[in-house]
Amino acid sequence: MKSRSTVITLITIICGFYLYELLDSGIIGTFGLYGIELLKSTNEWYRLVTVALVHDNSNTIPIHLAFNMLALHSLGTPIERFMGRSKFLIIFFISLIGGSLFSAYSLGYNGYSVGVSGAVFGLFGAFVIIGKRMGGDIKSIIVVIALNFALGFTIGGVDWHAHLGGLIAGAVVTKLLLTLKPSRF
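In what follows, the accompanying structure is described. What you see is a predicted model; the values in this text were computed from it and never measured. (Residues numbered from 1 in each chain as written. Predicted model: local features only at pLDDT ≥ 70, side-chain atom pairs only at ≥ 80, totals over all residues. Heavy atoms only, no water.)

## Digging into the overall build of the protein chain
Okay, so step 1: Broken down by element type, the protein chain carries nine helices and two strands.
Okay, so step 2: Secondary structure elements of the protein chain, listed N to C terminal, follow the sequence α-α-β-α-α-α-α-β-α-α-α.
Okay, so step 3: Taking 2.2 N^0.38 as the reference for a compact globule, 185 residues should give roughly 16 Å; the C-alpha atoms of the protein chain span a radius of gyration of 16 Å, in line with that estimate.
Okay, so step 4: Oriented by its inertia axes, the alpha-carbon framework of the protein chain measures out at about 45 × 40 × 30 Å.
Okay, so step 5: By the burial criterion, 45% of the 185 residues in the protein chain qualify as buried.
Okay, so step 6: Here the analysis covers contacts within the protein chain between residues at least 6 apart in sequence; of these, 76% occur between residues at least 24 apart.
Okay, so step 7: About 10,000 Å² of surface is accessible on the protein chain, with carbon and sulfur atoms providing 66% of the total.
Okay, so step 8: Separation of charge centres in the protein chain, based on 13 positive and 8 negative side chains, amounts to 20 Å. (Helix = DSSP H or I, 4+ residues; strand = E, 2+ residues; numbered from the N terminus. Rg over C-alpha atoms; globule rule 2.2 N^0.38 Å. Buried < 20%, exposed > 50% of the residue type's maximum accessible area, 1.4 Å probe, protein only. Contact = heavy atoms within 4.5 Å. Areas by Shrake-Rupley, 256 points an atom, 1.4 Å probe, with all protein chains shown as cover. Lys, Arg positive; Asp, Glu negative; His and termini not counted. Charge placed at Lys NZ, Arg CZ, Asp CG, Glu CD.)

Below, the structure written as structure tokens:
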């Protein structure tokens with residue numbers, strides 16, 4: 001029997017939370033990411049991870065969720081196949097936490113952030129590192145990353161700090177994982 005894709009499992013969980021969010025948008029207040037000062041004062045560090053479970057639901061069409069899930073599937077599936085489930089999950093969660101930390105340090109006391117974009121940009125970073133390692137032409141993925149950053153600055157309301165933090169964290173952790181001996185994971 002073929003094992004279930006970790007990427008599909010993550011997408012299913014995130015979409016399930018989105019459906020719940022449509023019934024009770026208060027979940028955003030429970031799981032969304034706040035600024036670092038509020039995280040320190042409340043000790044709610046779980047928000048560095050749970051931010052990935054909630055998305056902007058202000059539009060009739062779930063654009064924020066759709067783009068994140070499309071990118072998660074498009075990038076995550078080949079990375080999971082190449083690196084394996086355990087290393088993929090390490091890349092995903094380190095990217096998510098890295099993006100969340102960058103975001104939390106940039107948010108004001110009343111600011112908040114939602115979405116899995118930090119982890120998705122970490123997968124972009126992983127894709128670049130893996131592509132370089134395999135001797136591939138990574139120019140097109142760099143263009144896609146640049147376009148995503150540019151789009152984020154032009155449409156507003158996009159947490160580019162989470163994107164940048166995730167991108168850096170994903171690239172660094174992937175580089176480290178690729179230097180480890182295969183028997184360690």
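## A word on the pattern of salt bridges
Okay, so step 1: Using the criterion set out here, one finds two salt bridges in the structure.
Okay, so step 2: The salt bridge partner of E44 is R47, with a shortest N-O separation of 2.7 Å. (Salt bridge = Lys/Arg side-chain N within 4 Å of Asp/Glu carboxyl O.)

## Some points on helix α8 (residues 139-155)
Okay, so step 1: Between its terminal C-alpha atoms α8 stretches 24 Å, which fits the 24 Å expected from 17 residues at 1.5 Å a residue.
Okay, so step 2: As for α8, its buried residues are in contact with α5 (63-83), α7 (117-133) and α9 (160-179).
Okay, so step 3: Two residues or fewer after α8 comes G156, characterised by a positive phi angle close to 75°. (Expected span 1.5 Å × (residues − 1).)

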